[in-house]
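Residue-level structure breakdown
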Amino acid sequence: MSTDHPAERGGAGHDRFAAFSDRASNVTSSPTFYGLCVLLVLGTVVLHFLHPPLPWLIFAGDVMAAVNLLLLALLKNTERRDTHAVQRKLDAIAAALLEQREGTSHEAADSLRRAIRLDEKQ
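Conventions adopted
- Residues numbered from 1 in each chain as written.
- Predicted model: local features only at pLDDT ≥ 70, side-chain atom pairs only at ≥ 80, totals over all residues.
- Heavy atoms only, no water.
- Helix = DSSP H or I, 4+ residues; strand = E, 2+ residues; numbered from the N terminus.
- Patch = residues over 30% accessible without salt bridge, like charges linked within 9 Å, V, L, I, M, F, W, Y side chains within 5 Å.
- Areas by Shrake-Rupley, 256 points an atom, 1.4 Å probe, with all protein chains shown as cover.
- Salt bridge = Lys/Arg side-chain N within 4 Å of Asp/Glu carboxyl O.
- Axes fitted to C-alpha atoms, helices over the stretch in contact; angles between N-to-C directions.
- Parallel < 35°, antiparallel > 145°, perpendicular 65-115°, else oblique.
- Left-handed = near helix turned anticlockwise from the far one by under 90°.
- Contact = heavy atoms within 4.5 Å.
- Buried < 20%, exposed > 50% of the residue type's maximum accessible area, 1.4 Å probe, protein only.
- Expected span 1.5 Å × (residues − 1).

**Thoughts on unusual backbone geometry**
- Notably, H51 is not glycine yet its phi reads approximately 50 degrees, a positive angle.
- Considering the arrangement of structural elements, one finds H51 in the loop between α2 (31-49) and α3 (54-102).

**Observations concerning a nonpolar patch on the surface**
- A cluster of nonpolar side chains, contributed by Y34, V38, L39 and L42, occupies part of the molecular surface with about 430 Å² of accessible area.
- Considering the arrangement of structural elements, one finds V38 in helix α2.

**With respect to the packing of α2 against α3**
- Relative orientation of the contacting elements α2 and α3 amounts to 155 degrees, with a least axis distance of 10 Å. Classified by the angle their axes make, α2 and α3 are roughly antiparallel. Viewed along their axes, α2 and α3 form a crossing whose handedness is left-handed. In this structure, α2 uses F33, L40, V41, T44, L47 and H48 to contact α3, whose residues at the interface are W56, L57, A60, M64 and L71.

**Quick word on the pattern of salt bridges**
- On inspection of all chains with the given rule, the structure shows two salt bridges.
- Between D22 and R81 there is a salt bridge; the shortest N-O distance is 2.9 Å. Within this pair, whereas D22 is found in helix α1 (residues 12-28), its partner R81 is found in helix α3, the two being separated by 59 residues in sequence.
- Residue D22 is classed as partly exposed on the basis of its relative accessible area, which comes to 28%.
- You can call R81 buried: its relative accessible area is 10%.
- The partner of E79 in a salt bridge is K76, with the nearest N and O atoms 3.8 Å apart. Placement of both E79 and K76 in helix α3 is noted, with a separation of three residues, approximately one turn of the helix.

**Here's the deal with α3**
- For α3, built from 49 residues, the straight-helix expectation of 72 Å at 1.5 Å per residue is met to within 8% by its first-to-last C-alpha distance of 71 Å.
- Those residues of α3 lying buried are A60, L74, N77, T78, R81, H84, A85, K89, A92, A96 and E99.
- A positive phi of about 70 degrees marks G103, the residue just after α3.

This is the structure:
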């Protein structure tokens, strides 16, 4: 387990998880997934009205909790990576503006160009 920010971790494992997280975020924000969640909730409500054995109710609650936890983890991962990308862009803009004002080198402008291209990869 790493305590580094997700956007600052290196290695192929990070790239696979980031790609999985992006795909999962796209799927979970679709109308089809929303419909599936509504069906899951309705199924759980119907299950309660059928008065099944207690282990079935516990299992249904456990499934709902597990799905909730997985979606929360994916949401948090996506949120942190997006926030980090926005912060890098803001830092690059601030550095470029300061560089332009002071008339120094063009390192910040190059950094700004690289930061702006981050979205083109996604």
